[in-house]
Each structure stands twice: as C-alpha cells, then as structure tokens.
Amino acid sequence: MKAHRWYAPWVLVAPALLWLFVFTIWPSLNTIRLSFTNAKPLGGNFSWVGGANFTRLLDDPQLGRALFNSLFFMVVCLPLLTLLPLLLAVLVEKPLRGIAFFRVAYYTPVIASAVVVGLIWTWLLNDRGIFNTILQSMRVISEPLPFLTERWLIILSAVAVTVWKGLGYYMIIYLAALGNIGKDLHEAASMDGANAVRRFFAVTVPGVRSTMTLIAMLICVAALRVFSEIYVLTGGTGGAGGEAMTLVMLIQRYSGGFEGNLGYAAALSIVLFLVTLVPMGAIAIYNRRQDS
C-alpha cells in the first residue's frame, strides 16, 4: 500500500478553509482595517483617520443607549431560552400518541422567515391588535398599550417574538441531549423516592449541563445580534427617537445611505465583538468551575 501524500488531508479540507477565509477571516480583518478609515458605503477615496472613530465612540450618546438595550435584551432572553426549551423537550420526549404533531408545531416557527414573524407580531401588537383588543374587552386596560412605540414595551415585545421563534430550535438540541441520559438513572432515582420535579433537577439538568452551556453561548451571541425583530416591529425606526435601537441597528444606520460612515460602523462592530466575548467568557469560566 502506498503511503498517503502529506498534502492529501489539506486537499480535503481546502474547500472549507477557503470558505472560512473568504466569508469569515477576511471580512473580520477588513472590518478592523476599515475602523481606522473614513470609508463610505459607495466606495471612492478614503483616508486613514487613526483612532478617531474609537474616540468618537466615547462621545456618542446613541451608543450607550443601544448597548444597554442589547444587553438588556440578552439578559432577559438568556434564562427564558435556556430553561423553557428544556422543559418543552422533557414534555415532548414522552412517547405519547400524537406527540409528533406537537413536536412539529413547536418547531414550525423556527423555519418561518424573521420578517414574516415580525409582521405577524406587529399585527398582533398594534393598537387594534388581538392583545390590546382582548385586554380592553376584559377591562384590564382602558387604552391600548403602546407595544410598538414605547421603549421597554418594544424590547419586551421583541423578547416575546425571539422566545416564540427560538423555542423549537433549542428544544431539538435538548431532545438530542436527553436521549443520552440513561433511563436507569431515572429508574434509580424513582426507587429512591424522587418525584418528577426532584428527578428533573437531580438527573435531567446535570445530564444536559454541557448542552445547556452551549445553548447559553448561542443565545448570548444571537441576542446581542438582534436586529430583524425590533426593526420590523418599529418599522425600521427603533421606536420614537430610536430609543429601542440595538447595537446592530445602530451599526446598520451608520453604514447605510449616501452619507454613511463605514469606518465608524466598523468601530462599532468591533465593540459588539468585544462585548460578545464577555458573557461567553463568563459562561465558559462558570462551566469550567462546575467541572472541577
């Protein structure tokens, strides 16, 4: 048998490496380069401005508000999308008649377009929408709640959309993890007198802890990158005066149009990257301490 050539493995991974370089590494490096320029969206000549874009960050009042909105969105979404899909997975895991229908029903929002989902929820949440109509008919409120115009209600509405759309996706991941937990562990816990709630915390949660860590990291990244939900709910305005605008929406606003500033938008993108590292690092450190 002839020995394999040294380059054979590299030939096999070359397409993936090329894809990674073209669509991930190069755009990231180019973003860093652009952050030191005053480049415009439509091209043309640009000049190097050094750290002027990063200095401008300190004086931008919109940055602090957008960053706080993004972090608040992440903090609210993290526990909801970490725990609710697990509870849902435990329920639909049981081999009951017709359970496949519920699995498909819970997963359907995942495959729906974010824009379509946003439009549906806009119709549900507007002043004459179903939610306001029901609340008014029950005399819970006298006037429609400004779900689509008030800052905090916009963000919480976007959280509801995100949770509704993401439940099925994370449920599938948990279902795969639950399949790796031996049934003998649940049987042993039952013989020791543990009820369903006790077995959930003593057997199920420890059995899916590594998966829970992965999901928490995915949620942090996705939540800090939230864009379409708030964009569609507010018609692209980010609420009155842009009060509900997130960091990604701010990046989009500065990078678009004839007068956009790609250099400053690139500096904002670097801020977003650095902010994303913080919760992911905290989760990784916590998980390592739990393992030790």
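Considerations on the packing of aromatic side chains
Tallied over the entire structure, the rule returns eleven aromatic pairs. The interplanar angle of 50° and the centroid separation of 5.5 Å between the aromatic rings of Phe36 and Phe54 together place this pair among those described as tilted. In this pair, Phe36 sits in the loop between helix 1 (8-34) and helix 2 (52-57) while Phe54 sits in helix 2, placing the two residues 18 residues apart along the sequence. The exposure class of Phe36 is partly exposed, given its relative accessible area of 32%. An aromatic cluster is defined as three or more aromatic residues linked by ring pairs; in this entry it consists of Phe68, Phe72 and Trp152.

As for the environment of Thr162
Structurally, Thr162 can be placed in helix 7 (residues 151-178). A sequence separation of eleven residues divides Thr162 from Arg151, and the C-alpha atoms of the two residues are 17 Å apart. If we ignore the near neighbours within four places in the chain, the residues touching Thr162 are Phe73, Cys77, Leu81 and Glu229.

Notes on the nonpolar core
Grouped together as the largest cluster of nonpolar side chains are 63 residues, with contacts concentrated most on Phe73, Val208, Leu250 and Leu268. Of all the secondary structure elements, the ones that give two or more residues to this core are helix 3 (61-92), helix 5 (114-125), helix 7, helix 9 (196-207), helix 10 (209-224), helix 11 (228-233), helix 12 (247-255) and helix 13 (262-291). When sequence neighbours within four positions are dropped, the list of residues in contact with Leu268 reads Leu57, Leu63, Leu247, Leu250, Ile251 and Tyr254.

What about helix 4 (residues 99-111)?
Between the first and last C-alpha of helix 4 there are 19 Å, a value that for 13 residues agrees with the 18 Å anticipated at 1.5 Å per step. All buried positions along helix 4 are accounted for by Ile99, Pro109 and Val110.

Observations concerning the side chain of Thr211
Mapped onto the elements, Thr211 comes out in helix 10. With relative accessibility at 14%, the residue Thr211 sits in the buried group. Those residues in contact with Thr211 that lie beyond four places of it in its chain are Ile173, Tyr174 and Ala177.

A short note on helix 13
Look at helix 13: 43 Å from first C-alpha to last across 30 residues, which is about the 44 Å you get at 1.5 Å a residue. Capping the start of helix 13, Asn261 holds a side-chain oxygen 3.0 Å from the backbone nitrogen of Gly263, two or three residues further along.

Calculation rules
Per chain, residue numbering runs from 1 following the sequence as it is written. Given that this is a predicted model, residues contribute local features only at a pLDDT of at least 70 and side-chain atom pairs are listed and counted only at 80 or more, while totals for whole chains, interfaces and linings are drawn from all residues. Note: side-chain values were computed over all heavy atoms of the structure, leaving out hydrogens and water. Only centres within 6.5 Å qualify two rings of Phe, Tyr or Trp (six-membered ring in Trp) as a pair; their planes then separate them into stacked at under 30 degrees, edge-to-face at over 60, and tilted for everything else. A helix here means a DSSP run of H or I that spans at least four residues, while a strand means a run of E at least two residues long, and both kinds are numbered starting from the N terminus. Burial classes follow relative accessibility: with a 1.4 Å probe on protein chains only, a residue under 20% of its type's maximum area counts as buried, one over 50% as exposed, and anything between as partly exposed. By the convention used here, residues are in contact when the closest approach between their heavy atoms is within 4.5 Å. Working definition of a nonpolar core: buried Ala, Val, Leu, Ile, Met, Phe, Trp, Tyr and Cys residues. They are joined through side-chain atoms within 4.5 Å. The span one expects for a helix is its residue count, reduced by one, times 1.5 Å. Any N or O atom pair separated by 3.5 Å or less is treated as a polar contact, with the protein-specific requirement of one donor-capable and one acceptor-capable atom, and with residues adjacent in sequence counted only for side-chain atom pairs.

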